[in-house]
Every structure is written in C-alpha cells, then in structure tokens.
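Geometric and topological summary
Listed below are the residues making up each chain.
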Amino acid sequence: MAAKKMTAVKKAAPAKKAAPAKKAAPAKKSAPAKKSAPAKKSAPAKKAAPAKKAAPAKKAAPAKTKETPVTESTMPVSGSPAPSFTLPSDSGETVSLESLRGKYVVIYFYPRDNTPGCTVEARDFSRLLPDFAKKNAVVFGVSTDSLASHAKFRTSCELTVPLLADTEKKAHAAYGAWGEKLMYGKQVTGTTRSTFLIAPDGTLARVWPKVKVEGHAAEVLAAIG
C-alpha cells in the first residue's frame, strides 16, 4: 500500500500569552484638607462703669436773723408817738395801747421772770400800784417769757402788777428793747431793761433807756405830773 504521504499538518504556533496588564498606579491620596483655624473668641464686652451717684445737694444754710444792737438812738424818743402794741396779759386779757388812750401808761421791759433784779423791780411797781392809779396811770411789765411763766412769777412773788407776754419780741423790737448788750463783761443778745412813760395823748412823755432797779419805780411815779 502505497503509503500516502500524509501532509504533516503544521501545528499552529501557540498564541503568545498576552503581556499581563500593568497594574494601574495606585491613586495618590489627596492631601488631607487643612483644618480651618478655630475662630477667635470675641473679647467679652467691657462692663459699663457704674454711674457715679450724684453728690447730695447741699442744704442751704438758714438765713441768719440779724439782731439790731440796742442803743439809745434805736429807741423811740420823748415827744414821739409811742409804738402800738397788742399783747396777752397774765390776767387773761389782751392789752392794746389804743384801748388805754386817755391814761398814763407805764411799760417796763425786763429780762426774765424770777430773777433777782426783775423780782425787786416787779415788787416795787406792785407796791406802788395804788399810787399810780391815783395819778390816772396804769403799769405793765413786759418780757419774752410765756404766760405760764408769768403766772408762776406772779404767784411766787405775790405780784399785783400785770405782766404781758411778748414771746415774738414784736413790742421789744418796736421799743428798741431787744438786741446786743454787755452782761458781766460779755456781749450777749437779750432784753435791755428799759421803761417808757406814755402820756394820755399817746406820745412818749419820758424814756429810761438804761434802768437801775433800786428806786426806779418811785422815780417813774414822780415823773407823772
């Protein structure tokens, strides 16, 4: 048998192995985002300074009342109209100069009830009161003491001369019997012991600006015609 030459079948060349795919380069990590800087805390608001308290207003100093120094020139003089007055009496009546027109009127200003000189003077006028009445004259003692003080003075010293209370010093001022004077070498403010004789027509018949107690009541009585 004829051998048939068999055409040798060429084996197909083995396929080339594909080159392995290159591994993709790993992705670069993105840089971490920078942390934003923390916001600065705003400075705390300053507390407003407390309002200063207003200084209390100063009280106005009370106005000082000027006392007019007593001199003979500030007293009414003989021949001038006697200053009018209306004052309460320890007898319970109110005495006014106008109601006494037609009579002699003696008003004597004295410093204080129940003091030695004032007691002597009040007793002397009380003792001579009937003699003054015979001459159509009335007598009144005047001080700045109260009616209650006058009542005690009258009782304790057995006085009969009426005492008038000039607590507001109006009559004292009108007759110039209140102001500065010397007492035991010191300058003080108070009543100047003084006496005024008022004629029936309302004029001043005589003025005693500086009275010495001893014998004074008798001197005033003698001055009435």
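The following paragraphs examine the structure supplied in this document.

1. What about the overall build of the protein chain?
- For the protein chain, the count of helices and strands is five helices and nine strands.
- Taken from N to C terminus, the helices and strands of the protein chain fall in the order β-β-β-α-α-β-α-β-α-β-β-β-β-α.
- Relative to its 225 residues, the protein chain shows a buried fraction of 35%.
- Across the protein chain, every contact between residues at least 6 apart in sequence was considered, and the portion connecting residues at least 24 apart equals 65%.
- Surface exposure of the protein chain reaches about 16500 Å², of which carbon and sulfur atoms provide 59%.

2. Brief notes about helix α5 (residues 216–223)
- Buried within α5 we find H216, A217, V220 and L221. Taken around the axis of α5, the buried residues stretch over an arc of 140 degrees, which confines them to a single face.
- Buried residues along α5 sit against β3 (104–109), α1 (116–127), α2 (129–134), β8 (194–198) and β9 (204–208).

3. Looking at the sheet that holds β9
- Sheet architecture is open: five strands sit in the order β5-β4-β3-β8-β9, paired in mixed fashion. A single partner strand is all that each edge strand has here, and the edge strands are β5 (163–165) and β9. Across the sheet, the mean angle separating the axes of adjacent strands is 20 degrees when strand polarity is ignored.
- In terms of strand pairing, β8 meets β9 through four bridges, oriented antiparallel. Of the residues in β9, the one forming a bridge with L197 is R206.
- Sheet contacts for α1: β3, β4 (137–143) and β8; angle to β3, the most-contacted strand, approximately 165 degrees.

4. A word on the pairing of β3
- Of all six residues in β3, five are buried; the element is thus mostly enclosed.
- Sheet analysis places β3 next to β4, joined by six bridges and oriented parallel. If you follow V106 over to β4, its bridge partner there is V139.

5. Things to note about the nonpolar core
- Within the largest apolar cluster, 23 residues are counted, with the highest numbers of intra-cluster contacts made by V106, Y108, F125, F132, V139, F153 and L163.
- Among the elements of the structure, β3, α1, α2, β4, α3 (147–157) and α5 are those that each provide at least two residues to this core.
- The contact partners of F153, leaving out residues within four places of it in the chain, are Y110, D113, N114, C118, T119, A122, E158, L159 and L163.
- Counting residues in each nonpolar core, the second largest holds 20 residues, with V142, A171, A177 and I198 among its members.

6. Thoughts on the side chain of D113
- With respect to the helices and strands, the residue D113 is situated in the loop between β3 and α1.
- For the buried D113, no salt bridge is present, and the opposite-charge side chain at shortest range is R112, 7.9 Å distant.
- Separated by 2.6 Å, the side chains of D113 and Y110 make a polar contact.

Conventions and cut-offs
Residues numbered from 1 in each chain as written. Predicted model: local features only at pLDDT ≥ 70, side-chain atom pairs only at ≥ 80, totals over all residues. Heavy atoms only, no water. Helix = DSSP H or I, 4+ residues; strand = E, 2+ residues; numbered from the N terminus. Buried < 20%, exposed > 50% of the residue type's maximum accessible area, 1.4 Å probe, protein only. Contact = heavy atoms within 4.5 Å. Areas by Shrake-Rupley, 256 points an atom, 1.4 Å probe, with all protein chains shown as cover. Arc of directions from axis to C-beta. Pairing = 2+ DSSP bridges. Axes fitted to C-alpha atoms, helices over the stretch in contact; angles between N-to-C directions. Core = buried A, V, L, I, M, F, W, Y, C linked by side-chain atoms within 4.5 Å. Lys, Arg positive; Asp, Glu negative; His and termini not counted. Salt bridge = Lys/Arg side-chain N within 4 Å of Asp/Glu carboxyl O. Polar contact = N/O pair within 3.5 Å; in protein donor to acceptor, adjacent residues only side chain to side chain.

These figures come from the coordinates and say nothing about function on their own.
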